[in-house]
Amino acid sequence: MARELEKKAKEAFIDDDFALAVDLYTQAIHLDPNNANLFADRAQAHIKLNAFTEAVSDANKAIQLNPSLSKAYLRKGTACIKLEEYHTAKVALQNGASFAQDDSRFTNLIQECDRYIAEESNGLTSTLSPNGPKTTAPSGDNPHSSYGSDGTTKEAERDLVSRINEVALIRPKYRHEYYQKPEEVVVTIFAKGIPEKNVVVDFGEQILSITIDVPGQDAYHYQPRLFGKIIPDKCRVVVLSTKIEIRLAKAEAINWRSLEYGKDILPQKIKMPTIQSERPAYPSSKTRTRDWDKLEAQVKKEEKEEKLDGDAALNKLFRDIYKNADEDMRRAMSKSFLESNGTVLSTDWKEVGSKKVEGSPPEGMELKKWEY
């Protein structure tokens, strides 16, 4: 059944009925979802309908199923050129050329990419339209031109079909939103209970392709051309129970004015905050700054080396002894000092621990008990 649909799709393609070809290829894919050729051929039909993001998505799927299918790389490269994704197109074409070395189409398209990349890097506006030459009205000398029953060309019919498809995509199956940080853009698709195996996300230089295909349901496709360029290798996807979170790594530190590309919307550079020293800065009206850490260390050193006299020196001695003493010595010093009313200070716990320490006033003085 799938082969019959594929045969009819190819016939429709030859007859320039690309919309019918896409529909027939889609039916065939439902019956044979692991056939890389079906995805690659549907990508070509999408290109003819100017549905370039859909073409990239199909080409990526074909490459995933059959990494050596040269025509899948050709379809991807062609669609990416139309989307002005010249770096992505060149990589795809170079990969495809390794499987079809005698196919001059790869060489010609790679040279075209190089030309566009050079113009882009020099900041020049290309004189060639990235979407190719515009289609002119067919003349009697063109044997391939065909008219409908009402006098309209099939090109006009395809344009009408393309516009109808765009209207149909206005109301997506799942709601999405995004927010951004200086280094990344986070896109959230609010799709509940979707298994990770049913989610396919592909990244291009400035393309995001999301496909949610759950058996028994209509497939969801979202393929926007992004506002700015991204780094595909650094992008990540997380499938959660209530949503799908896609993190896009920005290639440039610019503020995305919207998620999707628009010719009339200009990017805005992000002012990155300057990283200051972790050491706190104290306000001062003086122009000369002071190293407070150095000053603190100097004060502590002076306190340690300070030479005291009289009672101050004695008190410091006792403090140092208590500070460096073990637990028994501290208990002995506290007990003897308190019980003797400050007249005895012992560091021997064995001596003072088992008895009350009696006061011992200095010579020539008398110990009296304070009456409350």
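Further up the page is the structure itself.
Values in this document were obtained by computation on a predicted structure and should not be read as measured data.

1. Quick notes on the sheet that holds strand 1 (residues 175-180)
Working step 1: The antiparallel open sheet is built from 4 strands, whose spatial order is 1-2-7-6. Lying at the two open borders of the sheet, with one neighbouring strand each, are strand 1 and strand 6 (236-239). The average undirected angle you get between the axes of adjacent strands in this sheet is 15°.
Working step 2: Note that strand 6 and strand 7 (residues 244-249) share 4 bridges and pair antiparallel. Paired with V238 across the two strands is E245, which belongs to strand 7.

2. Topic: the nonpolar core
If you look at soluble globular proteins, the nonpolar side chains tend to sit buried side by side.
Working step 1: Ranked by size, the top nonpolar core spans 43 residues in total, and within it A62, I81, L93 and F106 carry the most contacts.
Working step 2: Secondary structure elements with two or more residues in this core: helix 1 (2-14), helix 2 (18-31), helix 3 (36-48), helix 4 (52-65), helix 5 (70-82), helix 6 (86-97) and helix 7 (104-121).
Working step 3: Contact partners of L93, with chain neighbours within four places excluded, come to Y73, L74, G77, I81, F106, L109, I110 and C113.
Working step 4: Grouped together as the second largest cluster of nonpolar side chains are 24 residues, V185, I210, I244 and L248 included.

3. Remarks on the packing of aromatic side chains
Working step 1: Within the structure shown, the criterion is met by 5 aromatic pairs.
Working step 2: Relative to W256, the ring of F227 lies with its centre 6.3 Å away and its plane at 45°, an arrangement referred to as tilted. Here F227, found in the loop between strand 5 (220-222) and strand 6, pairs with W256, found in the loop between strand 8 (254-255) and strand 9 (268-269); they are 29 residues apart in sequence, far enough to count as distant.
Working step 3: Taking the relative accessible area as the measure of exposure, F227 reaches 7% and is therefore buried.
Working step 4: For W256, a relative accessible area of 2% translates into the label buried.
Working step 5: The lysine or arginine in question, R115, covers the ring of Y116, its NZ or CZ lying 5.7 Å from the ring centre.

4. Structural notes on helix 7
Working step 1: Look at helix 7: 26 Å from first C-alpha to last across 18 residues, which is about the 26 Å you get at 1.5 Å a residue.
Working step 2: Where helix 7 is buried, its residues meet helix 5 and helix 6.

5. Description of the sheet that holds strand 5
Working step 1: Taken in spatial order, the 3 strands of this open sheet run 3-4-5, and their pairing is antiparallel. The sheet terminates laterally at strand 3 (199-203) and strand 5, the two strands that pair on one side only. Each strand axis lies, on average, 10° off the axis of its neighbour in the sheet, ignoring direction.
Working step 2: Of the pairings in the sheet, the one linking strand 4 (residues 208-212) to strand 5 comprises 3 bridges and is antiparallel in character. Each bridged residue has a counterpart across the sheet, and for T211 the counterpart in strand 5 is H221.

Conventions adopted
- Residues numbered from 1 in each chain as written.
- Predicted model: local features only at pLDDT ≥ 70, side-chain atom pairs only at ≥ 80, totals over all residues.
- Heavy atoms only, no water.
- Pairing = 2+ DSSP bridges.
- Helix = DSSP H or I, 4+ residues; strand = E, 2+ residues; numbered from the N terminus.
- Axes fitted to C-alpha atoms, helices over the stretch in contact; angles between N-to-C directions.
- Core = buried A, V, L, I, M, F, W, Y, C linked by side-chain atoms within 4.5 Å.
- Buried < 20%, exposed > 50% of the residue type's maximum accessible area, 1.4 Å probe, protein only.
- Contact = heavy atoms within 4.5 Å.
- Phe/Tyr/Trp six-rings, centres within 6.5 Å; stacked < 30°, edge-to-face > 60°.
- Lys NZ or Arg CZ within 6 Å of the ring centre and 35° of its normal.
- Expected span 1.5 Å × (residues − 1).

That is the geometry; function is a separate question.
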